[in-house]
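Structure assessment
Single-letter residue listing:
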Amino acid sequence: MGKSLFIAEKPSVAQEFAKALKEPMTRKDGYLESEHAVVTWCVGHLVTMSYPEKYDIKYKRWMLETLPFLPEEFKYEVIPAVKKQFEIVSGLLNREDVETIYVCTDSGREGEYIYRLVAMMAGVKEKTQKRVWIDSQTEEEILRGISEAKDISEYDNLSESAYLRAKEDYLMGINFSRALTLKYGPSVSNYMRSSDRTVISVGRVMTCVLGMVVRREREIREFVKTPFYRVIGTFGPAGISIDGEWRAVEGSRYYGTPCLYKENGFKERKDAEALIAWLWERENGSENSGVMQSEVSDAEKADAGLMGVYNTSQGTILKVEKKKETKNPPLLYNLAELQNDCSKMFKISPDQTLKVVQELYERKLVTYPRTDARVLSTAVAKEISKNIGGLTHYEPLAAFASEAMQAGLWKNIAKTRYVNDKQITDHYAIIPTGQGLGALRSLPELNRKIYQVIVRRFLSIFYPAAVYQKYAVEIEVKGEHFFAGFKVLKEAGYLKVAEIPKKKKDTAGESVGRTNRLESGIDGNDAENPAREADGTDSSQPKVIDASHPEFIQMLEQLKKGMKVSLDDLQIKEGETSPPKRYSSGSMILAMENAGQLIEDEELRAQIKGSGIGTSATRAEILKKLFNIKYMALNEKTQVITPTYLGELIYEVVHTSMKQLLNPELTASWEKGLTYVAEGSITPDEYMQKLERFVIGRTYNAVHMGNTYGLRPAFDAVAVFYQNAGKEKKLNFKKGNDHEKRRNENHRII
């Protein structure tokens, strides 16, 4: 009986497989062996695509005459740095006593590609090859993956899509980067007064991301702030003050007038002052109607005989709406959501987050991290009590895990929105395994914190929804209407385990008496109203009041329609719209994942929502590359992303010559095609023909455009914003080009 060979992607994963097999293993050079099994590993990629000069030496020199470069048959080669391990793996794959090969590389497109390249270069023939597909590295999951391993032929379509993805990035990177470098590189160098050659790095994904960042920066620059003035009335029911915001609803003397900013403010302060003055008048008028409460002291009012004017105004409650609102636990983490939250909580880059969660995965603490899914599979849901049970030994949250087990909500989790097989492609959401807790003690503090974030999100779904009591109050004064809204947390539900941090200035003590400033048409949707208030207030949500202020909650409960309330004060709240926010490293990852908002075409939007720009495995690396080549800058303290001077010049070059590369539509259409190949809907040949036509067309257009001199005005417009950069600009420019030269002519641009 022949031996079984298990080939993993990394040495650490191979070790876990060896432990799970429970056979006495002997350590050899580059592999482990027992009587019945051999376990070996790659070290990431062992094989790569060959440089153009390996096809013909003429391609070593960059020349327009050799473009486009489209080999009839692609060449591959062993990466020199890992040649020794490749030879070990190749020898094992072809050993006569090896009968069955278990492919244990990462369960995804890239993991499939890593093995297929090795098998191709090793010339594997007449061997039974089976694919092990797992979601975590626990012993139980590894053994399940081995016992349920399918013939590798069932993954041929996935393999084809992996090959095509690599060819696509290779052909676009080499042809487009060489074309733009040769055609426009000298113009960039001359404009920046640099003697160094400018290498223009172009890629299907990275150029699209650069475009998103530059466009956002320009939206911010072009944004014109709009001041506005809101009128806030302070009312005193039962001796407790609440604030209400004036709105020009139907029936208001200002309804539909041009002086309004939306319906809850004025464009000019004088109009807000006029409203306040009119509201303070006696019903039969007053010669002092233009005097404002906030501008006159009590002594001055008394001296002028005006105290009665100010103390007799009242409002009438027209409406009090009370209703319960439930807030369900959020969906589980996928990699993008986790990277975004960690960017905000810990001010770390997506690349750092991925490294941490990858280590947690390799320590058996969490499931596979490179996932786009935010739900569980039906199969996992049936066994989920094991994960919860394991967490009862995780001291920081043991009480919550025990409570979740006892409450028993996990028994019906399969019937909830947190379980959906249709929303899972390769892997389900990132969740704690409930195992490996002993390894936590030896991990850095950051790793432990991120693990706790994952555990809290996981346990949350086994708790009931949070329940709020909402109050909406409408008060009328002389035909003008004021609105206030409050939300009282009645039942914490999942919030007690989620430990959601409070927003600034949103504590109960500061919320009491504060207004709910509702702006028409917002309803919490920034997409409809990208301009926000510069004073930091959120006018789209009711103020949250906690249970530590029972007197205020009691007052809200006692409010009734028709009740008279004193009008104690009227003030002007000045604000101004603010521009869209810059991307942070975390929000950019989400934007890459959910780029559908940037696409008008419905079919393309639906596709990119599923696949995004880049993949969960590559997005962090793409951002890192853009920082390294100095096209974008990252503020490490805030994680805010901005374009660099060089990056904006490159944007102008691409915008002039290959505009499509700057938009998500291109990535969506190509990713859509790769999905079709993986599903078997189209053939690899069909996809390749489309790719070659695209590369030929775009390369030809770039080479033959006569617009080099037309870039000068665009460069001048960019330079205005970098006049103070001085030497730093040249330094960044040189660093970016040095990095590209080290990368050997942009061989692996994505």
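Thoughts on the overall build of the protein chain
Helix and strand content of the protein chain: 26 helices and 19 strands. Burial status across the protein chain gives 55% buried among its 750 residues. Here the analysis covers contacts within the protein chain between residues at least 6 apart in sequence; of these, 78% occur between residues at least 24 apart. Split by element, the accessible area of the protein chain, about 34000 Å² in all, is 49% carbon and sulfur.

Structural notes on the pairing of strand S10 (residues 227-235)
Note on strand geometry: in a regular strand, side chains alternate between the two faces of the sheet. Counting buried positions over the nine residues of S10 gives eight, a clear majority of the element. As defined by bridge partners, S10 adjoins strand S17 (residues 564-578) across nine bridges and the pair is classed as antiparallel. By the bridge assignment, Thr234 is partnered in S17 with Asp569. Examined bridge by bridge, S10 and strand S11 (residues 242-247) share four bridges and lie antiparallel to one another. The partner of Ile232 across the bridge, within S11, is Glu245.

As for the nonpolar core
Formed by 101 residues in total, the largest nonpolar core has its most connected members in Leu93, Ile101, Leu180, Val209, Met588 and Met632. Take this core: its biggest share by element is 14 residues, from helix H5 (residues 156-191). Ignoring any residue separated from it by four or fewer positions in sequence, one finds Val209 in contact with Met588, Met592, Ile613, Ile622, Leu623, Leu626 and Met632. If you look at the next biggest cluster of nonpolar residues, it comprises 55 residues, including Leu335, Val375, Val453 and Tyr468.

A look at the packing of helix H19 (residues 585-593) against helix H21 (residues 619-628)
In contact at an axis separation of 10 Å, H19 and H21 are set at 125 degrees when each is read in the N-to-C sense. Here H21 runs oblique to H19, going by the angle between their axes. Pair H19 / H21 crosses with right-handed handedness. The segment H19 lies against H21, with Ser585, Met588, Ile589, Met592 and Glu593 engaging Arg619, Ala620, Ile622 and Leu623.

Brief notes about helix H1 (residues 11-21)
Within H1 the residues assigned to the buried category are Val13, Ala14, Glu16, Phe17, Ala18, Ala20 and Leu21. In this fold, the buried residues of H1 make contact with strand S1 (3-8), strand S3 (31-33), strand S4 (37-41), strand S7 (98-104), helix H4 (139-147) and helix H11 (350-362). A positive phi of about 55 degrees marks Lys22, the residue just after H1.

Quick word on the sheet that holds strand S9 (residues 150-151)
Taken in spatial order, the seven strands make up an open sheet running S2-S3-S4-S1-S7-S8-S9, and their pairing is mixed. Every interior strand has two partners, whereas the edge strands, strand S2 (26-28) and S9, have only one. Judged from the five bridges that link them, S1 and S4 form a sheet pairing that is parallel. In the strand pairing of S4, Ala8 is matched with Trp41. Helix H2 (residues 83-93) contacts S1, S3, S4 and S7 of the sheet and is inclined by roughly 150 degrees relative to S4.

Side note on the side chain of Glu474
Tracing the chain through its elements places Glu474 in strand S13 (residues 466-477). For Glu474, a relative accessible area of 11% translates into the label buried. If sequence neighbours within four positions are ignored, Glu474 has contacts with Thr316, Ile317, Leu318, Lys319, His481, Phe482 and Phe483.

Section: the side chain of Asp135
Summarising the element assignment, Asp135 is placed in the loop between strand S8 (128-131) and H4. Despite being buried, Asp135 has no salt bridge partner; Arg144 is the closest side chain of opposite charge, sitting 4.8 Å away. For Asp135, the side chain forms a polar contact with the side chain of His427, separated by 2.7 Å. Sequence-distant contacts of Asp135, that is, excluding residues within four places in its chain, are made with Glu141, Tyr361, Thr367, Tyr368, Asp426, His427 and Tyr428.

Brief notes about the packing of aromatic side chains
The full count for this structure, using the stated rule, is 23 aromatic pairs. Relative to Tyr102, the ring of Phe6 has its centre 4.8 Å away and its plane inclined at 10 degrees; by these criteria the two rings are stacked. Placement of Phe6 in strand S1 and of Tyr102 in strand S7 is noted, with a sequence separation of 96 residues between them. Seen from their ring centres, Phe228 and Tyr261 are 4.7 Å apart, and the 5 degrees between their planes marks the pair as stacked.

Structural notes on the environment of Gln660
By the secondary structure assignment, Gln660 is in the loop between helix H22 (645-657) and helix H23 (664-679). For the pair Gln660 and Arg698, spaced 38 residues apart in sequence, the C-alpha to C-alpha distance is 9.5 Å. Sequence-distant contacts of Gln660, defined by excluding residues within four places in its chain, comprise Leu666, Phe694 and Arg698.

A closer look at the pairing of S8
On S8, burial follows the alternation: Gln129 and Arg131 on one face are buried, whereas Thr128 and Lys130 on the facing-out side are not. With four bridges connecting them, S7 and S8 associate as parallel partners. When the bridges of S8 are listed, Ile101 appears paired with Gln129. Crossover connection from S7 via helix H3 (residues 109-122) to parallel S8: handedness right-handed.

Considering the packing of helix H10 (residues 335-346) against H11
Where H10 contacts H11, the two axes come as close as 9 Å, and the packing angle between them is 115 degrees. Crossing hand, H10 versus H11: right-handed. Counting all contacts with H10, which are made through Leu335, Leu338, Gln339 and Cys342, the residues of H11 involved are Pro350, Thr353, Leu354 and Val357. When its residues are assigned to classes, the contact of H10 with H11 shows six nonpolar, two polar and no charged.

Topic: the pattern of salt bridges
Scanning the entire structure with this criterion turns up 48 salt bridges. The residue Arg582 makes a salt bridge to Glu217 at a minimum N-O spacing of 2.9 Å. Taken together, the residues span a long stretch of sequence, with Arg582 in the loop between S17 and H19 and Glu217 in helix H6 (residues 206-222) at a distance of 365 residues. Among the residues examined, Arg582 registers a relative accessible area of 38% and is labelled partly exposed. Relative accessible area serves as the criterion here: at 8%, Glu217 is assigned to the buried category. Here the salt bridges share partners, and the residues they tie into one network are Arg109, Glu110, Arg165, Glu168, Asp169, Arg204 and Glu671.

Examining the confidence of the model for the protein chain
Averaged over the protein chain, the pLDDT score is 85; the fraction of residues at 70 or greater is 84%. Here residues 725-731 scores under 50 on pLDDT; set against residues more than four positions off or in separate chains, the count is five contacts.

Comments concerning unusual backbone geometry
The residue after Leu67, namely Pro68, is reached through a cis peptide bond having omega 0 degrees. When you line up the elements, Pro68 lands in the loop between strand S5 (47-49) and strand S6 (76-78). A positive phi angle, close to 55 degrees, is found at Lys22, a residue other than glycine. As for its position among the elements, Lys22 is in the loop between H1 and S2. Despite not being glycine, Glu126 has its phi angle at roughly 55 degrees, a positive value. Look at Glu126 and you get exposed, because its relative accessible area is 84%.

Reading guide: rules and limits
Residues numbered from 1 in each chain as written. Predicted model: local features only at pLDDT ≥ 70, side-chain atom pairs only at ≥ 80, totals over all residues. Heavy atoms only, no water. Helix = DSSP H or I, 4+ residues; strand = E, 2+ residues; numbered from the N terminus. Buried < 20%, exposed > 50% of the residue type's maximum accessible area, 1.4 Å probe, protein only. Contact = heavy atoms within 4.5 Å. Areas by Shrake-Rupley, 256 points an atom, 1.4 Å probe, with all protein chains shown as cover. Pairing = 2+ DSSP bridges. Core = buried A, V, L, I, M, F, W, Y, C linked by side-chain atoms within 4.5 Å. Axes fitted to C-alpha atoms, helices over the stretch in contact; angles between N-to-C directions. Parallel < 35°, antiparallel > 145°, perpendicular 65-115°, else oblique. Left-handed = near helix turned anticlockwise from the far one by under 90°. Lys, Arg positive; Asp, Glu negative; His and termini not counted. Salt bridge = Lys/Arg side-chain N within 4 Å of Asp/Glu carboxyl O. Polar contact = N/O pair within 3.5 Å; in protein donor to acceptor, adjacent residues only side chain to side chain. Phe/Tyr/Trp six-rings, centres within 6.5 Å; stacked < 30°, edge-to-face > 60°. Right-handed = clockwise from strand over helix to strand, strands pointing away. Nonpolar A, V, L, I, M, F, W, Y, C, P; charged D, E, K, R; others polar. pLDDT = per-residue confidence, 0-100.

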